[in-house]
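Structural overview
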Amino acid sequence: MDLTEDEVIHEAHKLYMRNQARERRHNDDEYRKKLNARSNEYQKIQYKISPEYRDKQARRAKEYSNRPEVKLKLKEKYTNTYNSRRDVFFKILGYSCKICGFNDKRALQIDHIFNDGGVQRKKYGGSVNEYRHYSKHQDEIPLYFQILCANCNWIKRANTDIEKRDYFRCEFPPYQKG
């Protein structure tokens, strides 16, 4: 099939415009933001009105996150994030156990002074988010945390559990038949 001169010019112009648009998408930040915003709005609308679209997106996300290279990349990213946030605590509180002075970082743990770690993790939605909060509010770290080695931390935990049990035994006597 032979193209006329006008059709050749038209095809060349289309190719030129396509390349210009591609170039603009890659190099013009404002234009890219505008396109992304438009695309995001469209996706939000589709997500609300179309269960098929929701299922398709969920399936695509699951397929993507199950790729071995993606799993490895995400694990590395979260590990680095977690470790960098923990390092903020170590820089402020020191690199040795507050009780015995042990200083091998592999066995050091961040301890909640008031034994409210479970409450704090629930409040912030996990330890990574808790670390994020305190990384931004570093002046609060010495008030709520201390560095303990694993042994001292477990000893503290055992002693605290005994105190709690004794407390509850005093408050709530065991049931007696009679």
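In case you missed it, the structure is sitting above this.
These remarks concern the structure in this document. (Residues numbered from 1 in each chain as written. Predicted model: local features only at pLDDT ≥ 70, side-chain atom pairs only at ≥ 80, totals over all residues. Heavy atoms only, no water.)

Attention shifts here to the overall build of the protein chain. Per the secondary structure count, the protein chain includes eight helices and two strands. Expressed as a percentage of the 178 residues in the protein chain, the buried residues total 18%. Sequence-distant contacts in the protein chain: of pairs separated by 6 or more residues, those separated by 24 or more amount to 61%. (Helix = DSSP H or I, 4+ residues; strand = E, 2+ residues; numbered from the N terminus. Buried < 20%, exposed > 50% of the residue type's maximum accessible area, 1.4 Å probe, protein only. Contact = heavy atoms within 4.5 Å.)

Attention now moves to the layout of surface pockets. Size it by volume and the largest pocket reaches roughly 490 Å³. Going through the elements one at a time, α4 (68-93), β1 (108-112), α5 (117-124), α6 (127-136) and α8 (150-171) are the ones with two or more residues in the lining of the largest pocket. The dominant element in the lining of the largest pocket, judged by the number of residues it contributes, is α8, at seven residues. The residue inventory of the lining of the largest pocket, partitioned by class, reads four nonpolar, eight polar and eight charged. (1 Å grid on protein atoms, 1.4 Å probe; cavity = no way out; pocket = protein on both sides within 12 Å on 5 of 7 lines; lining within 4 Å. Points joined across faces, edges and corners; volume = space filled by probe spheres on them. Nonpolar A, V, L, I, M, F, W, Y, C, P; charged D, E, K, R; others polar.)

With that settled, consider unusual backbone geometry. The phi dihedral of Asn 115 is positive, around 55 degrees, even though this residue is not glycine. You can see Asn 115 is positioned in the loop between β1 and α5. Taking the relative accessible area as the measure of exposure, Asn 115 reaches 38% and is therefore partly exposed.

With that settled, the discussion passes to the pairing of strand β2 (residues 145-149). Where burial is concerned, most of β2 is hidden: five out of the five residues are buried. A two-sided burial pattern is seen for β2, the buried positions comprising Phe 145, Ile 147 and Cys 149 on one face and Gln 146 and Leu 148 on the other. Two strands pair when backbone bridges link them, and β1 and β2 are joined in this way by five bridges, in the antiparallel orientation. From the neighbouring strand, Leu 108 faces β2, where its bridge partner is Cys 149. (Pairing = 2+ DSSP bridges.)

The subject of this paragraph is the pattern of salt bridges. Side chains carrying opposite charge are able to pair once their charged atoms draw close together. Applying the stated criterion across every chain yields a total of six salt bridges. Ionic pairing is found between Arg 32 and Asp 29, a salt bridge with its closest N-O pair at 3.2 Å. A residue pair is termed a helical-turn pair when its members lie 3 or 4 positions apart in one helix, as Arg 32 and Asp 29 do in helix α2 (residues 29-49) at three residues. Between Lys 105 and Asp 87 there is a salt bridge, with its nearest N and O atoms 2.6 Å apart. Of the two residues, Lys 105 is situated in the loop between α4 and β1 and Asp 87 in helix α4; the sequence distance between them amounts to 18 residues. Judged by relative accessible area, Lys 105 falls into the partly exposed class, the value being 35%. We classify Asp 87 as partly exposed; its relative accessible area is 24%. (Salt bridge = Lys/Arg side-chain N within 4 Å of Asp/Glu carboxyl O.)

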